[in-house]
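These are the residues of each chain, in order.
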Amino acid sequence: MKAILCTRLGGPDDLVLAELPVPVAGSGEALVSIKAVGLNFYDTLIIAGKYQTKPPLPFSPGGEFAGVVESVGAGVTDFAPGDRVLGYTSFGAARQYAAVPVEALARLPAELDLDRAAGLNITYGTTYHALKDRAALAAGETLAVLGAAGGVGLAAIELGKLMGARVIACASSEEKLAFARAHGADAVVNYAGEDLKDALKRLGGEHGIDVIYDPVGGPYTEAAVRAIAWGGRHLVVGFASGEIPKLPLNLTLLRGCDIRGVNWGAWVRQKPQAYRAGLDQLARWCAERKLSGHIHAIYPLAETAQALKAITERKVMGKVILRP
Ligand SMILES: NC(=O)c1ccc[n+]([C@@H]2O[C@H](COP(=O)([O-])OP(=O)(O)OC[C@H]3O[C@@H](n4cnc5c(N)ncnc54)[C@H](OP(=O)(O)O)[C@@H]3O)[C@@H](O)[C@H]2O)c1
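The paragraphs below set out a description of the structure included in this document. (Residues numbered from 1 in each chain as written. Predicted model: local features only at pLDDT ≥ 70, side-chain atom pairs only at ≥ 80, totals over all residues. Heavy atoms only, no water.)

## Quick look at the pattern of salt bridges
- Following the criterion strictly, the structure yields 15 salt bridges and no others.
- Among the salt bridges present, the one from Glu313 reaches Lys315, with a minimum N-O distance of 2.7 Å. (Salt bridge = Lys/Arg side-chain N within 4 Å of Asp/Glu carboxyl O.)

## What to know about the pairing of strand S3 (residues 29-39)
- Burial of S3 is extensive: nine of the 11 residues sit out of reach of the surface.
- By the bridge criterion, five bridges tie S3 to strand S6 (residues 97-101) in an arrangement that is antiparallel. Of the residues in S6, the one forming a bridge with Val32 is Ala98.
- For S3 and strand S4 (residues 64-72), the ladder comprises eight bridges, and the chain directions are antiparallel. Paired with Ser33 across the bridge in S4 is Val68. (Buried < 20%, exposed > 50% of the residue type's maximum accessible area, 1.4 Å probe, protein only. Helix = DSSP H or I, 4+ residues; strand = E, 2+ residues; numbered from the N terminus. Pairing = 2+ DSSP bridges.)

## A word on the environment of Ala287
- In this structure, Ala287 sits in helix H10 (residues 272-287).
- Ignoring anything within four residues of it in the chain, the contact list for Ala287 reads Pro109, Glu111, Leu112 and Arg116. (Contact = heavy atoms within 4.5 Å.)

## Focus: the environment of Val188
- Along the chain, Val188 turns up in strand S10 (residues 187-190).
- Taking the C-alpha atoms as reference points, Val188 and Ala139, 49 residues apart in sequence, are found 19 Å from one another.
- Sequence-distant contacts of Val188, defined by excluding residues within four places in its chain, comprise Ala169, Leu177, Arg181 and Leu203.

## Let's talk about the layout of surface pockets
- In this structure, the largest pocket occupies an estimated 1500 Å³ of space.
- Surrounding the largest pocket, 50 residues form its lining, Phe41, Tyr42, Pro215, Gly238 and Ala240 being those nearest its centre.
- Elements with a contribution of two residues or more to the lining of the largest pocket: helix H1 (41-46), helix H3 (121-134), helix H4 (151-162), helix H9 (264-270), helix H11 (304-312) and strand S15 (319-323).
- Of the residues in the lining of the largest pocket, the class split is 25 nonpolar, 19 polar and six charged.
- In this structure, the second largest pocket occupies an estimated 240 Å³ of space.
- Taken together, Tyr88, Thr89, Ser90, Glu103, Ala104, Gly265, Val268, Arg269, Pro272, Tyr275 and Arg276 make up the lining of the second largest pocket.
- Mapped by element, the contributors of at least two residues to the lining of the second largest pocket are H9 and H10.
- Partitioned by chemical class, the residues of the lining of the second largest pocket number five nonpolar, three polar and three charged. (1 Å grid on protein atoms, 1.4 Å probe; cavity = no way out; pocket = protein on both sides within 12 Å on 5 of 7 lines; lining within 4 Å. Points joined across faces, edges and corners; volume = space filled by probe spheres on them. Nonpolar A, V, L, I, M, F, W, Y, C, P; charged D, E, K, R; others polar.)

## Structural notes on the site of the ligand
- For the ligand, the set of nearby residues contains 24 residues, the closest of which are Ser172, Lys176, Tyr191, Val262 and Arg314.
- Phe41 is positioned with one of its backbone polar atoms (N or O) 3.0 Å from an oxygen atom of the ligand.
- Take Tyr191: an N or O atom from its side chain is 2.6 Å from an oxygen atom of the ligand.
- At a threshold of 2 Å from the grid points, most atoms of the ligand map onto the largest pocket.
- Taken together, the residues that form the shell around the ligand break down as 12 nonpolar, 10 polar and two charged. (Near = heavy atom within 4 Å. Polar contact = N/O pair within 3.5 Å; in protein donor to acceptor, adjacent residues only side chain to side chain. Sits in = over half its atoms within 2 Å of the grid points.)

Pasting the structure below:
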């Protein structure tokens, strides 16, 4: 089988396309023929050795996938050959076959295609956990989303609308903002051309912004917190800008607001049942087209480097998918 391997830490061009034997499903595992892999911003970090998870070399990037069960190992009764599944493995999916523990798999609704399913787990899963469990976002509240056209950003617009919030999408280009509006945003801010604090203060009115969804960091974080409502929640999701911001803590005192961290991977390990219930819900919503699962582009496995570069070059709207 073909596999993309990270044999030394570096950038996308350091990855190699290798030929490996097809693995065999061990006890408690299923062998999955991988049809589509969802790439994420963190794949660009994990291959550089800059992510909290540091797999031993060589490894394949790609933490989420959709495919078809080929065979099952000893003791597996809840999956059978032919089952259409999606999976979350943190890394290791950018290859044609993978033997994975069945706890990492979920069955797909018949109406959900494999490409959209491949990109559902991490972005929508993180965002559902963030808005529901961490922010307790309520209907009628105002939600501001930074990096709103990216993977988790788009998920925040769509889930925010499904949860009844008014959504303000913030991004760096008019094209991204038009995309955000087309996916449900009620108002938009181009933070490349407009001061983010002033724009959010204007759009938040006297009350302010109830929940800020922040996967970007850098100078945008403090600018957004300065427009937060009394009792607001700022969700720390990631630092795609490359800069972890430092915040004057007096802002939390003045606004009676909370800074709340989001660590979806750790939550999945701690609350596996809640994770699976949420994933089933997200897959149903995606099958019913209540969530778009929008795909920016699909690349063949051999073009993994180009796919990752589209992410680092800030070009992507929605998800990038690999098709092994
Ligand atoms: N906490 C968790 O559990 C969790 C889970 C999933 C993801 N994350 C994190 O969330 C962040 C976003 O992930 P994603 O997969 O949604 O990424 P993505 O699709 O690449 O989106 C990131 C967005 O960040 C903005 N951005 C600003 N500066 C950037 C830069 N220098 N390079 C790239 N993008 C930049 C871009 O929007 P504009 O051009 O509009 O600014 C882009 O659309 C990452 O930091 C990731 O590690 C965290």
